[in-house]
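# Geometric and topological summary
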Amino acid sequence: MKILFIAGTRPEYIKLAPLYLEMQQSCARAVTERKQPYSLKWIISNQHSKQILSDLIELWGIKIDAEFNLVNEGLDLAELAAGLLKEANRLIKEEQPDLIIVQGDTLTALEVSRAAFFNRVALAHLEAGLRTNSIYAPYPEELSRRVISEVADYHFCPSIRAYETLIKEKKSSENIFLTGNTVIDALLIALKKISLKANPEKYILVSSHRRENLENAMQANLIEAIKNILIKQREKALDKRVKFFICLHSNPRAREAFINLSLELCEEDREHIRLIEKTTYLEFIELMLNSLFIITDSGGVQEEAPYLSKQLLVLRELSEREEIIAPDQASLLVNNLDEMEKQIESLIELSLENYKEGNSRETLDRVLKQGFRDLAYGDGTAAKKIVDILITQ
């Protein structure tokens, strides 16, 4: 049986890697037990370039067996989708797989799923069942995930809510499985590899890149809120001034807005903002661990932060991960400057009150000793559950 794993972006790489490695181990056991092993192939679509994926390629050590003949430079969404579909179709015809595994709701996942359907190849979908029920939020991912659910043969759901969503959509219950999210498996593996350095700076970690937030004023309001908070801290001569560590995305429009913010600030305020260029996966986990809290529009960060005991302000009007929206875990930011500013200031005050030096080290040591307790997305054993399901089908 030949199985293709196809990843296109950093989140796909992170979330598919634990499953591939678990499947590799299963194949090795099959050989030892004189059973027929699977043939596995790891394929990248180049939706994100190998340069962008470089630290993940090194971290996971998975040999790339094939890649799409695609250069994602200057392409709009339709052009990228067309290129991905063409290459997925070519590769499927060449490889003649029995099963293809995709993750999430990227254009790679969508177009590979369509090509699998056109070629009548079985499809397994990781992170199935996420919905906002608003077709443009997130854009274009909400459309992608709905289409994939129509053609997938195996739906591996990260949470109870996602599982129940597919049941309500009348997908065949025999093909829907509650497994947890492999991002938690990846996080557990990664935490064993980091060397956490103490960081005495009190900072809020910011990660923002979504297309819709550039159009709906959400990111613009966040930038104004950060500016106003920094000014107020200076004018009040606060002893406990916090900093904002802002991760710059490759999206030119998203990064330019934060660069302009830094240029607009006076020198004193600029000292309390740090613009961070590309980080590795391990470096970003360390940034999360050492932060006071996190402001993000990233889906993966929404999943990871609760497991690191970090509160979130979610920079979205709607979230497909409602299971984490709770007073002690995450809140949706209101897309209004005054309200957003109040939400951030309130969490700053609460975080400083509860701040204890060494918290991040305590969290890391606890996880390394005890593992993860089962929160919304499982306990870090999703890959094993998925492999057990696939080898018995």
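Look a little higher up for the structure.
None of these values were measured; they are calculated from a predicted model. (Residues numbered from 1 in each chain as written. Predicted model: local features only at pLDDT ≥ 70, side-chain atom pairs only at ≥ 80, totals over all residues. Heavy atoms only, no water.)

A word on unusual backbone geometry. Omega for the bond connecting Ala137 with Pro138 falls within 30 degrees of zero, at -5°, which places this linkage in the cis form. Position of Pro138 relative to the elements: it lies in the loop between β5 (122–126) and α5 (141–151). Look at the link from Tyr139 to Pro140: it is a cis peptide, with omega at 0°. Residue position: Pro140 is located in the loop between β5 and α5. With phi around 65°, Glu127 is a residue other than glycine that occupies positive phi space. Here Glu127 shows up in the loop between β5 and α5. Of note in the backbone geometry, Lys170 takes a positive phi value of approximately 65° without being a glycine. (Helix = DSSP H or I, 4+ residues; strand = E, 2+ residues; numbered from the N terminus.)

Next up on the list: the layout of surface pockets. In this structure, the second largest pocket occupies an estimated 540 Å³ of space. Ser291, Lys310, Tyr355, Lys356 and Asn359 are the residues nearest the centre of the second largest pocket, which is lined by 26 residues in total. By residue number, the principal contributor to the lining of the second largest pocket is helix α15 (residues 359–370), which donates four residues. (1 Å grid on protein atoms, 1.4 Å probe; cavity = no way out; pocket = protein on both sides within 12 Å on 5 of 7 lines; lining within 4 Å. Points joined across faces, edges and corners; volume = space filled by probe spheres on them.)

Turning our eyes to something else, we now look at a nonpolar patch on the surface. Taken together, the side chains of Ile135, Tyr136, Tyr139 and Leu143 make up a nonpolar region of the molecular surface, amounting to roughly 400 Å² of accessible area. The residue Leu143 is located in helix α5 in this model. Classification of Leu143 as partly exposed rests on a relative accessible area of 44%. (Patch = residues over 30% accessible without salt bridge, like charges linked within 9 Å, V, L, I, M, F, W, Y side chains within 5 Å. Areas by Shrake-Rupley, 256 points an atom, 1.4 Å probe, with all protein chains shown as cover. Salt bridge = Lys/Arg side-chain N within 4 Å of Asp/Glu carboxyl O. Buried < 20%, exposed > 50% of the residue type's maximum accessible area, 1.4 Å probe, protein only.)

Time to look at the sheet that holds β5. Read across the open sheet, the seven strands follow the order β3-β2-β1-β4-β5-β6-β7; overall the sheet is parallel. Of all strands in the sheet, those with a lone pairing partner are β3 (66–67) and β7 (176–178), marking the two edges. Looking at chain direction, strand β2 (residues 39–44) and β3 are connected through two bridges and run parallel. Within β3, the residue paired with Ile44 across the bridge is Glu67. (Pairing = 2+ DSSP bridges.)

Note that all results are geometric; they support no functional claim without further evidence.
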